[in-house]
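A closer look at the structure
Each chain, written out:
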Amino acid sequence: MPEAVHAALPALFISDLHLNEDEPANVDAFLGFLAGPARRAASLFILGDLFEYWAGDDDLTTPFNARIAAAIRALADGGTAVFFMTGNRDLLAGRRFAETIGATLLDDPTLVRFGNAGTSALLLAHGDALCTDDHAYQAFRRQVRNPAWQAGFLGQPLATRKAFIASLRQQSETAKAEKTMEIMDVNADAVATLLRAHGYPTLVHGHTHRPACHRFEVDGHTCVRHVLPDWHGQACGLAFDGRDFTPFSS
């Protein structure tokens, strides 16, 4: 069983903000969330796609990125433990980014435990690895998460990387329009395999933009899967007090 990360309660879980300068409503919602509700949490988990795209940690000096990073750092300095997991849009955010915002960088997936060692663990993931019916996307995911590919890509000038990402974003929107929602959702067998490997914990993930709480059986175990919402001008996610999950929006 993989080693679990330890965190304090209460905890908040968010994902899929897709922050960018062209959508100021999401930016304002996030900054307001950091200055308000997030400060009342002991732990904040950002489970991927915080940004619409991330070209590399050398882009931290861009005014927009620096503003977001500083706001998260202020939350961390105020006493809220911040945990960050990359998604498919910001997969190139690395250790320098995590250090700048004062966050613990999480693997995907990661077990997290609240309280003592005897308490039940949650399993956190971004969620895209579970969408195994989308074969084209999974092939792309394997490519861009290959360390050799990333090293080569990050070795290019920042402007070149941004131009490449812009073209990928357009291709992605075109491809999504041609796919069914079922193909872009998680695969039940992939979910079962993941839960089986980690001892059947409660799973929390984002990516699919289909918020819900699913209850189902795996190998005779009753399992729960919480799907986080994407943001549309208001802060939203899940709050956890150690026993119950409560959706929030503000």
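Keep in mind that what you see is a predicted model, and the values were worked out from it rather than measured.

1. Here we look at the overall build of the protein chain
Of regular secondary structure, the protein chain possesses eight helices and 12 strands. Against the compact-globule benchmark of 18 Å for 250 residues, the protein chain has a radius of gyration of 18 Å, which places it among compact chains. With the C-alpha coordinates of the protein chain rotated into their principal frame, the extents come out at 50 × 45 × 30 Å. In the protein chain, the proportion of contacts linking residues at least 24 apart, taken out of those at least 6 apart, comes to 67%. Looking at charge distribution, the protein chain has the averaged site of its 21 positive side-chain charges lying 3 Å from that of its 29 negative ones.

2. Here's the deal with the UniProt feature "binding site: substrate" (unreviewed entry) in the protein chain
With numbering aligned to this structure, UniProt lists the feature "binding site: substrate" (unreviewed entry) at Asn88, Arg89, Asp134, Ser172, Lys176, Lys179 and His207. Position of Asn88 relative to the elements: it lies in the loop between strand E4 (81–85) and helix H3 (95–101). Look past the residues within four positions of Asn88 in its chain and what remains in contact with it is Asp49, His126, Asp128, Tyr137, Arg145 and His207. Within the secondary structure layout, His207 lies in the loop between strand E8 (202–205) and strand E9 (212–218). Taking relative accessible area as the criterion, His207 reaches 16% and is therefore assigned buried. Each residue touching His207, except ones within four places of it in the same chain, is listed here: Ser15, Asp16, Asn88, His126, Gly127, Asp128 and Cys131.

3. Structural notes on the side chain of His226
By the secondary structure assignment, His226 is in strand E10 (residues 221–227). The exposure class assigned to His226 is buried, which follows from its relative accessible area of 9%. Apart from the residues lying within four places of it in its own chain, the contact partners of His226 are Thr202, Leu203, Val204, His205, Ala212, Cys213, Leu238 and Phe245.

Rules of the game
- Residue numbering note: each chain is counted from 1, following its sequence as written.
- With the structure being a predicted model, the display of local features is reserved for residues of pLDDT at least 70 and the display and counting of side-chain atom pairs for 80 or more, all residues being used for whole-chain, interface and lining totals.
- Each side-chain value is worked out from all heavy atoms of the structure, with water and hydrogens disregarded.
- Per the convention used, a helix needs a DSSP run of H or I reaching at least four residues, while a strand needs a run of E reaching at least two, with both numbered from the N terminus.
- We take the radius of gyration over the C-alpha atoms and set the globule estimate at 2.2 Å times the residue count to the 0.38 power.
- Here a residue-residue contact requires only that any non-hydrogen atoms of the pair lie within 4.5 Å.
- Neither His nor the chain ends is counted toward charge; the positive residues are Lys and Arg and the negative residues Asp and Glu.
- Charged side chains are reduced to one point each, which is NZ for Lys, CZ for Arg, CG for Asp and CD for Glu.
- UniProt positions are given in the numbering used here, feature names are shortened, and annotations may be inferred rather than shown by experiment.
- Residue exposure (1.4 Å probe, protein chains only): buried if accessible area is under 20% of the type maximum, exposed if over 50%, otherwise partly exposed.

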